[in-house]
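Listed here are the chains, written in short residue letters.
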Amino acid sequence: KRKRLNTSVLYDSDDESEGSDIVVRKVFAKRYCIMDEDENAKEQQPDETCPTENVSTNRKQKVFAKLKELAKQRTTRRSCSSENCEDSNGEEEIEEEPLCHLTLTPTEVSETDSDSMKDFIVEEDDDDNTEHVKSKKQPQQKELHISNSELLAYYVPHLSRCDHYVHFKRIVKAFLINAIDDTFLRSLYDGTRQKKYAQDMLLSLHYLDDRFISPRLENLITRSRWKDRYKERVDCYPYVRIILKNPENISCQACELTRYCKFKVLLSGKLYNSRTLEADDFMSDDKQVLKVGTVCANRTRVYHNLKHFKYKLYMDCSSVTELDGVEDEPVKDTVERLFSQLEDNGWIQKRYNDLEDYMNDADSFQEEK
């Protein structure tokens, strides 16, 4: 190590005499002192503060504050078990140590992952307590579930679940009753009958209209080019015949576009109420003959089958009651007897299969181009 050099003096020591009275002036040379690096570092360490070190420490403190906030958020997400609380306290104690390593090593990452997995591990000592609590809660949950379902069925009957075929059988029974007593359907819709069997039949009638028929009819209309006048005619007449004839290059009377029209649509029948199914005798013999193209003819067939299915089903039930020769029998007994006969010979199942075929035809009908 290099030692500090003494200041140089511009005079010769040999020329100086002990007895001389001459004052010798000492002149010091202006040169930098070469000092020891260790001593210089020791002298500057308590006095000097480097600005770059302050910036780095400020950054470290900010990073540490962010890590501390993240650690607090992580501890709040954990469960309040004793082991988890102890783990969180241990993490806080570790974080309060001086800032030596801000970056996590792979081993530290694995340790944190293992600590987080402890939150999802249930100890064997707590199994008995948790099973005991669950056993107490299960009967309460069952009672609550039953009460909610009963309340839903009572206050919102349209949301109650039932098989489609069960709905259809209720409708057949309601039509059999109305064929004998023509005021039954009217009393259902105006709210006069409040018994459970009547409310179930009303629910099934709404289900047939709102779930089966109406959405498919709307889909067929919105995807077509039919004019409103043609749609109103198809809606009013319950019977239709579609006849093949010689093609003509004329305007289709359904969409009013020039087509090779080779079909005749014959509409007939009485106008009726869509709910009570009561027929109107006004212009009962009126008929309509319309010339349409191939696509409009097929759409007319599919649309008409669904639109007037309920009325035709009611007319079939009416014919069944008219053919029955039993008299002086209560209405309830007559309906139960006829219904069991229709169910045994497969008549109800056949009508239900027809409804499913009509719905499938409506679902698979392609959009008109």
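Residues numbered from 1 in each chain as written. Predicted model: local features only at pLDDT ≥ 70, side-chain atom pairs only at ≥ 80, totals over all residues. Heavy atoms only, no water.

1. Considering the overall build of the protein chain
Which entries qualify depends on this criterion: Helix and strand definitions follow DSSP, with helices as H or I runs of at least four residues and strands as E runs of at least two, each counted in order from the N terminus. Three exposure classes are used, based on accessible area relative to the maximum for each residue type with a 1.4 Å probe and protein chains only: buried under 20%, partly exposed in between, and exposed over 50%. Note on contacts: a residue pair is in contact if any heavy atoms of the two residues lie within 4.5 Å. Per-residue and other accessible areas follow the Shrake-Rupley method at a 1.4 Å probe size, with only the shown protein chains counted as cover for residues.
Each helix and strand counted, the protein chain has 13 helices and 5 strands in total. Relative to its full complement of 369 residues, the protein chain shows a buried share of 26%. Of the contacts formed within the protein chain by residues at least 6 apart in sequence, a portion of 71% connects residues at least 24 apart. Summed over its atoms, the accessible surface of the protein chain is roughly 26,900 Å², and 50% of this surface lies on carbon and sulfur atoms.

2. Comments concerning the packing of aromatic side chains
The condition that has to hold: Within 6.5 Å between ring centres, the rings of Phe, Tyr and Trp (the latter by its six-membered ring) count as paired, and their orientation is classed by plane angle as stacked under 30 degrees, edge-to-face over 60, tilted in between. By definition, being over a ring means that NZ of Lys or CZ of Arg is both within 6 Å of the ring centre and within 35 degrees of the ring normal.
Considering all chains together, one arrives at 9 aromatic pairs under this definition. Centroid distance Tyr 207 to Phe 212: 5.6 Å. Interplanar angle 80°. Geometry classified as edge-to-face. By way of ring pairs, the aromatic residues Tyr 165, Phe 168, Phe 309, Tyr 352 and Tyr 358 are connected into one cluster. It is Lys 173 that lies over the ring of Phe 339; its NZ or CZ is 4.6 Å from the centre.

3. Some details on the pattern of salt bridges
Rules: One side-chain nitrogen of Lys or Arg within 4 Å of one carboxyl oxygen of Asp or Glu is enough to make a salt bridge.
In total, this model carries 15 salt bridges according to the counting rule given. Between Glu 248 and Lys 245 there is a salt bridge, with the nearest N and O atoms lying 3.5 Å from each other. Here Asp 354 ties to Lys 350 by a salt bridge, and the two come within 3.7 Å at their closest N and O atoms. You can see Asp 354 and its partner Lys 350 sitting in helix α13 (residues 347–364), 4 residues apart, about one turn around the helix. Given the relative accessible area of 21%, Asp 354 is considered partly exposed.

4. Remarks on the nonpolar core
Inclusion rule: What we call a nonpolar core is a set of buried Ala, Val, Leu, Ile, Met, Phe, Trp, Tyr and Cys residues that are connected through their side-chain atoms within 4.5 Å.
Of all hydrophobic cores here, the largest spans 59 residues; its most connected members are Val 172, Phe 175 and Val 292. Examining the composition of this core, we find that 10 residues originate from one element, helix α8 (residues 196–222), more than from any other.

5. So, the sheet that holds strand β5 (residues 287–292)
Cut-off, in case you're wondering: Strand pairing requires that DSSP identify at least two bridges connecting the strands. Angles run from 0 to 180 degrees between N-to-C directions of axes, and those axes are lines fitted to C-alpha atoms, restricted for helices to the stretch in contact.
The strand order across the open sheet built from 3 strands is β1-β2-β5, with neighbouring strands paired in antiparallel fashion. Both edges of this open sheet fall to β1 (239–251) and β5, since each of them pairs with a single strand only. The sheet shows a mean angle of 20° between the axes of neighbouring strands, taken without regard to direction. Both strand β2 (residues 258–268) and β5 contribute to a ladder of 6 bridges, which runs antiparallel. Considered in β5, the bridge of Val 265 is made with Leu 290. With respect to the sheet, helix α10 (residues 294–307) is in contact with β1, β2 and β5, its orientation differing from that of β2 by roughly 25°.

6. Remarks on a nonpolar patch on the surface
Stated precisely, the cut-off is as follows: Two distance rules govern patches: like charges are joined within 9 Å, and nonpolar side chains (Val, Leu, Ile, Met, Phe, Trp, Tyr) within 5 Å, applied only to residues with over 30% relative accessible area and no salt bridge.
A contiguous nonpolar surface patch, about 250 Å² in accessible area, is contributed by Val 63, Leu 67 and Leu 70. Relative to the helices and strands, Leu 67 is located in helix α2 (residues 51–77). The class for Leu 67 is partly exposed, based on a relative accessible area of 40%.

7. A short note on unusual backbone geometry
Trans is the prevailing form of peptide bonds, just as negative phi is the prevailing case for residues other than glycine. With phi around 60°, Glu 256 is a residue other than glycine that occupies positive phi space. Within the secondary structure, Glu 256 is located in the loop between β1 and β2. Backbone geometry at Leu 277 places phi at a positive 65°, although glycine is not the residue there. Mapping Leu 277 onto the fold places it in the loop between β3 (271–272) and β4 (279–280).

8. Topic: the packing of helix α6 (residues 164–180) against α13
Basically, it comes down to this: The sense of a crossing depends on the near helix, which, turned anticlockwise from the far helix by less than a right angle, makes the crossing left-handed and, turned clockwise, makes it right-handed. As a working rule, the residues Ala, Val, Leu, Ile, Met, Phe, Trp, Tyr, Cys and Pro are called nonpolar, Asp, Glu, Lys and Arg charged, and the rest polar, with Gly in that last group.
Where α6 contacts α13, the axes come no closer than 11 Å and their chain directions differ by 115°. In this structure, the crossing between α6 and α13 has a hand that is right-handed. On α13, the residues touching His 164, Tyr 165, Phe 168, Lys 169 and Val 172 of α6 are Trp 347, Ile 348, Gln 349, Arg 351, Tyr 352 and Leu 355. When the residues that make up the contact of α6 with α13 are grouped by side-chain class, the tally is 7 nonpolar, 2 polar and 2 charged.

9. With respect to the environment of Gln 288
Checked against the element boundaries, Gln 288 lands in strand β5. Residues Gln 288 and Leu 266 lie 22 residues apart in sequence; the distance between their C-alpha atoms is 5.7 Å. Apart from the residues lying within four places of it in its own chain, the contact partners of Gln 288 are Arg 233, Tyr 237, Val 265, Leu 266 and Leu 267.

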